[in-house]
Amino acid sequence: VSRPVQRLRILPVGSLRGVLDPPGDKSITHRAVILGALAEGVTIVENPNPGADCDATLACLGLLGIECSAAAGSLTVRGAAMRWVEPDRVLDCGNSGTTLRLLSGALAAQPFLSILAGDESLQRRPVDRVIEPLRRMGAELHARDGDRRPPLVIRGGALRGIGYRAAVPSAQVATCVLLAGLAAAGETTVELPGPARDHTERLLPAFGIEPRIEPLAGAGRRVALTGPALPSAARVRVPGDFSSAAFFLAAAASLPGSEVEARGVSLNPTRTGLLEVLAAMGAQVTIEAERVTSGGEPLGDVTVRGPDHLEAFDVPPAWIPRMVDEVPAWAIAAAAARGVSRIRGAAELRLKESDRLAALAGGLAGLGLAAREEADGLAVTGGVPTGGTVTSHGDHRIAMALALLATRARAPVVIEDTASIATSYPAFVTALGRLGGAASEEAGRAETAARIAG
Ligand code: S3P
C-alpha cells in the first residue's frame, strides 16, 4: 500500500477572521465533466474542483478515450457523443466514491468491459447499490465479496429504462441510474426517499436534457427522463464547494469574536443544512449577493460570526441528507456548545471514506471531549479540547474537521494521516493560515512511512 504519509500540527488561536474563497464544488465538477464526456461537442467547465478525486475522474475518462485539458481555472472536455473506447487497464478511482458510482452508470451502456477499483478506503465501500439497478437495466456487473465491494466489473450493452426506488437518499446512486438512463430505451425514473443533492437534475438542462421532477413525501423526489437522449456540450460554471467552506464556517461559529465570509459558495438547499444548524445553535449567519450559475446552481456570500457561546442542538434526522458531508464540520460546533448536541439517522456516515461516526467519536475522545457513538448517530458534550495526537483515518473530511476543532484547543494538536485533504481541498492549509489559523505540515515519522509503504 503506498499512501503519502503526512501530518498536520495545529496551534490554538483566539479567533478566525477573514474572507475565504473555497475551491469549486467537487460533486458538480464530477457531473459536469462526465456529462461533457458523454455529450456531442466541447464542454467548458469553469472553476472546477482542483482535488485528486476530480483528477481521478479525468484520468479514468482519459483511458476511455476522452480528451480533457486544463487551463487556469477551467477544463475543456471533448465529448464523444456517448461512444467511449474500451480501456486497456483498470480504471483507478483512487479515493473517490463519486467517480466509481457515477462512471458505473455511464459504463453500463458502453458495449465493452471495464473494471473500476480504488484505494484501500474505496475498496471497502458498497457497490451493491449501483449493481442492482444497472443489472435490471440490462448490464452485466460483478464485484468482490458477494457483489458488495470493488473492484466492480462491468460488461455494458443495450439498456432499457426502469423505475427505480432507492432505499437510501443517495445522490450518487440516483445519478448513476440517470446517466445509464440517458442511453437506455424508454423512460427511466428514480425515486429518492429524502432530499439528497440534486446537482444532476440542475445540470442536465445545460446539456440540453430536461428531466421531469415531482416532489414525493418526506422531501424526496421522483426524477424521470426518456432515452436515448444525446447531451449537447455546455459551458458550466461551478460554484464554491459548501462542503469545503463548512469547516471554516463551523469553526467561526465555535470561536467567539470570529467572522468568516465564504465567497461565491454553493447555496443549493440540498447542501446547506449545516447553516440552519449553526443558526439554531446561536451563530449569526448572513447571506448576501445570492445569484444562480450557468449550471443552474444558486450561490452567494455567506458570513458566520461566532457568538459568546453556542447552545447544544439536536439535529432532526430529516435534515441529515442535506448535511451528509457536513457532519464532521457539525462536530466542530457541537464540541463547542453548552450541553449535549446530537445527530441521529446518520448510519450512511459509516459508509463514507471512513466510518465517520467512529472516526469522529475517536477524534473527539482523543482530545478529551465526551462523545458517544450510537448505531446511527453521535452525542457530543461541549468542552475545551485538550492538546494531543489524533488520527484522521485517512479521511479528508475528518482531517479538516479535527484541524479546525484544534484551533480551539488548550494546547497544540497533531493530526496524523492528513494527505487525503488533497482529494477535495489541496489549498486547505493555506486557507486556514489566511484566516489566522496556525498550521504546519510535517512528513510522517519514517517508521510510519516504512510500515505503510511495506
Ligand atoms: C455525493 C453524494 C453523497 C456525498 C458524496 C458526494 C455526490 O454520497 O456523501 O461525498 O456527488 O453525489 P451519497 O450519494 O452516497 O450519499
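Preceding block: the structure.
Predicted model, so just to flag it, every value in this text is computed and none were measured.

## A word on the overall build of the protein
A count of helices and strands for the protein gives 14 helices and 26 strands. For 454 residues, the compact-globule estimate of 2.2 N^0.38 gives 22 Å, and the C-alpha radius of gyration of the protein, at 21 Å, lies within 12% of that figure. The buried share of the protein, taken over its 454 residues, is 59%. Excluding contacts between residues fewer than 6 apart, the proportion of contacts in the protein whose partners are at least 24 apart in sequence is 76%. Put simply, the protein shows about 15900 Å² of open surface, and 52% of that area lies on carbon and sulfur atoms. Taken as two groups, the 46 positive and 48 negative side-chain charges of the protein have centres that lie 2 Å from each other.

## With respect to the sheet that holds strand β14 (residues 235-237)
Taken in spatial order, the four strands line up as β4-β5-β3-β14 in an open sheet, and their pairing is mixed. Strands at the two margins of the open sheet, each flanked by one partner only, are β4 (67-71) and β14. Each neighbouring strand pair of the sheet contributes to a mean axis angle of 15 degrees, computed without reference to strand direction. Of the pairings in the sheet, the one linking strand β3 (residues 42-46) to strand β5 (residues 74-78) comprises five bridges and is antiparallel in character. If you follow V45 over to β5, its bridge partner there is L75.

## Observations concerning the environment of T272
Relative to the helices and strands, T272 is located in the loop between β15 (259-266) and α9 (273-280). Given the relative accessible area of 7%, T272 is considered buried. Sequence-wise, T272 and W319 are 47 residues apart; in three dimensions their C-alpha atoms are separated by 9.6 Å. When sequence neighbours within four positions are dropped, the list of residues in contact with T272 reads F242, S266, L267 and R322.

## Overview of the packing of aromatic side chains
Within the structure shown, the criterion is met by four aromatic pairs. Between Y425 and F428, the ring centres sit 5.8 Å apart and the planes meet at 70 degrees, which makes this aromatic pair edge-to-face. Exposure class is identical for Y425 and F428. Each is buried. Aromatic ring contacts, followed pair by pair, group F248, Y425 and F428 into a single cluster.

## Quick look at the site of the ligand
The ligand sits among S27, R31, T98, S170, A171, Q172, R197, V324, D325 and K352. Interatomic distance of 2.9 Å between a backbone N/O atom of A171 and an oxygen atom of the ligand. Within the backbone of Q172, one N or O atom sits 2.9 Å away from an oxygen atom of the ligand. Here the ligand loses 95% of its free accessible area of 380 Å² to cover by the protein chains. Looking at the shell around the ligand, the elements with two or more residues in it are α1 (26-38) and α6 (171-183). When the residues that make up the shell around the ligand are grouped by side-chain class, the tally is two nonpolar, four polar and four charged.

## Concerning the pattern of salt bridges
Applying the stated criterion across every chain yields a total of 33 salt bridges. Put simply, R148 and D145 hold a salt bridge, and the shortest N to O gap is 3.4 Å. On the accessibility criterion, D145 (34% relative accessible area) is partly exposed. The residue R221 makes a salt bridge to E201 at a minimum N-O spacing of 2.5 Å.

## Some details on the environment of I115
Inspection of the secondary structure assignment puts I115 in strand β7 (residues 113-117). Taking the C-alpha atoms as reference, I115 lies 22 Å from A171; in sequence the two are 56 residues apart.

## A word on the packing of helix α4 (residues 128-137) against α6
Describing two packed helices takes the angle between their axes plus the distance from one axis to the other. Remark: α4 packs on α6, axes separated minimally by 10 Å, with the N-to-C direction vectors making an angle of 20 degrees. Here α4 lies roughly parallel to α6, going by the angle between them. Here α4 and α6 pass one another in a crossing that is right-handed. The residues of α6 that touch α4, namely those facing R129, V130, P133, L134 and M137, are V173, C176, V177, A180 and G181.

## Quick word on the pairing of β7
Summarising the sheet, strand β6 (residues 91-92) and β7 pair through two bridges and their orientation is parallel. When the sheet's bridge partners are listed, L91 is paired in β7 with L116. On the question of chirality, the crossover connecting β6 to the parallel β7 by way of helix α3 (residues 97-107) is right-handed. Looking at chain direction, β7 and strand β9 (residues 149-155) are connected through four bridges and run antiparallel. Looking at β9, one finds that S114 is bridged to I154.

## Overview of the sheet that holds β15
Spatial strand order, β2-β15-β17-β16: four strands in an open sheet with mixed pairing. With partners counted over all chains shown, the strands left at the sheet margins are β2 (17-20) and β16 (284-292), one partner each. Going across the sheet, the axis of each strand differs from the next one's by a mean of 10 degrees, ignoring polarity. Two elements, β16 and strand β17 (residues 298-305), share seven bridges in a ladder whose sense is antiparallel.

## Side note on α6
With 13 residues, α6 extends 19 Å between its outermost C-alpha atoms, agreeing within 8% with the 18 Å of an ideal straight helix rising 1.5 Å per residue. Burial analysis of α6 places 12 of its 13 residues in the buried class, which makes it a mostly covered element. The complete set of buried residues in α6 reads A171, Q172, V173, A174, T175, C176, V177, L178, L179, A180, G181 and L182. With a side-chain oxygen positioned 3.3 Å from the backbone nitrogen of Q172, the residue opening α6 is S170.

## Comments concerning the packing of helix α10 (residues 327-334) against helix α12 (residues 396-405)
Taken N-terminus to C-terminus, the directions of α10 and α12 make an angle of 15 degrees; their axes are 8 Å apart at the nearest point. The angle between α10 and α12 falls in the class roughly parallel. Here α10 and α12 pass one another in a crossing that is right-handed. From α10, P328, A329, A331 and I332 reach across to α12, where they touch R397, I398, A401, L404 and L405. Across the contact of α10 with α12, the residue classes break down as eight nonpolar, no polar and one charged.

Rules of the game
- In every chain, residue numbers begin from 1 and rise along the written sequence.
- Local features are withheld for residues below a pLDDT of 70 in this predicted model, meaning they are given only at 70 or higher, and side-chain atom pairs are given and counted only at 80 or more; totals for whole chains, interfaces and linings count all residues.
- Only hydrogens and water are set aside when side-chain values are computed; all heavy atoms of the structure are taken into account.
- Put simply, DSSP marks the helices as runs of H or I at least four residues long and the strands as runs of E at least two long, and each gets a number from the N terminus on.
- Restricting the calculation to C-alpha atoms gives the radius of gyration, and the globule rule supplies 2.2 Å times the number of residues raised to the power 0.38.
- Think of it in three bands: with a 1.4 Å probe and only protein chains considered, a residue is buried below 20% of the maximum accessible area for its type, exposed above 50%, and partly exposed in between.
- In this description, contact between two residues means that some pair of their heavy atoms is separated by no more than 4.5 Å.
- Surface exposure here means Shrake-Rupley accessible area, sampled with a 1.4 Å probe, where a residue is shielded only by the protein chains that are shown.
- As used throughout, the charge tally considers Lys and Arg to be positive and Asp and Glu to be negative, leaving His and the chain termini uncounted.
- By convention, the point assigned to a charge is CZ for Arg, NZ for Lys, CD for Glu and CG for Asp.
- Strands are labelled as partners when DSSP assigns at least two bridges between them.
- Angles run from 0 to 180 degrees between N-to-C directions of axes, and those axes are lines fitted to C-alpha atoms, restricted for helices to the stretch in contact.
- Ring geometry is summarised as follows: Phe, Tyr and Trp rings, the Trp one being its six-membered ring, pair when their centres sit within 6.5 Å, and such pairs are stacked at plane angles under 30 degrees, edge-to-face over 60 and tilted between the two.
- Only heavy atoms are used to decide nearness, and a residue is near a molecule or strand if one of them lies within 4 Å of it.
- Here a polar contact means two N or O atoms within 3.5 Å. Within protein one must be a hydrogen donor candidate and the other an acceptor candidate, and residues neighboring in sequence count only if both atoms are side-chain atoms.
- Each residue receives one of three labels: charged for Asp, Glu, Lys and Arg, nonpolar for Ala, Val, Leu, Ile, Met, Phe, Trp, Tyr, Cys and Pro, and polar for the others, Gly being one of them.
- Between Lys or Arg on one side and Asp or Glu on the other, a salt bridge is scored when a side-chain nitrogen of the former is within 4 Å of a carboxyl oxygen of the latter.
- For classification, angles of less than 35 degrees are called roughly parallel, those exceeding 145 degrees roughly antiparallel, those between 65 and 115 degrees roughly perpendicular, and all remaining angles oblique.
- Note on convention: the crossing is left-handed when the near helix lies turned anticlockwise from the far helix by less than a right angle, right-handed when the turn is clockwise.
- By definition, the crossover connecting two strands over a helix is right-handed if that path, from the first strand to the second, turns clockwise as seen with the strands pointing away from the viewer.
- Each residue after the first adds 1.5 Å to the expected span of a helix.

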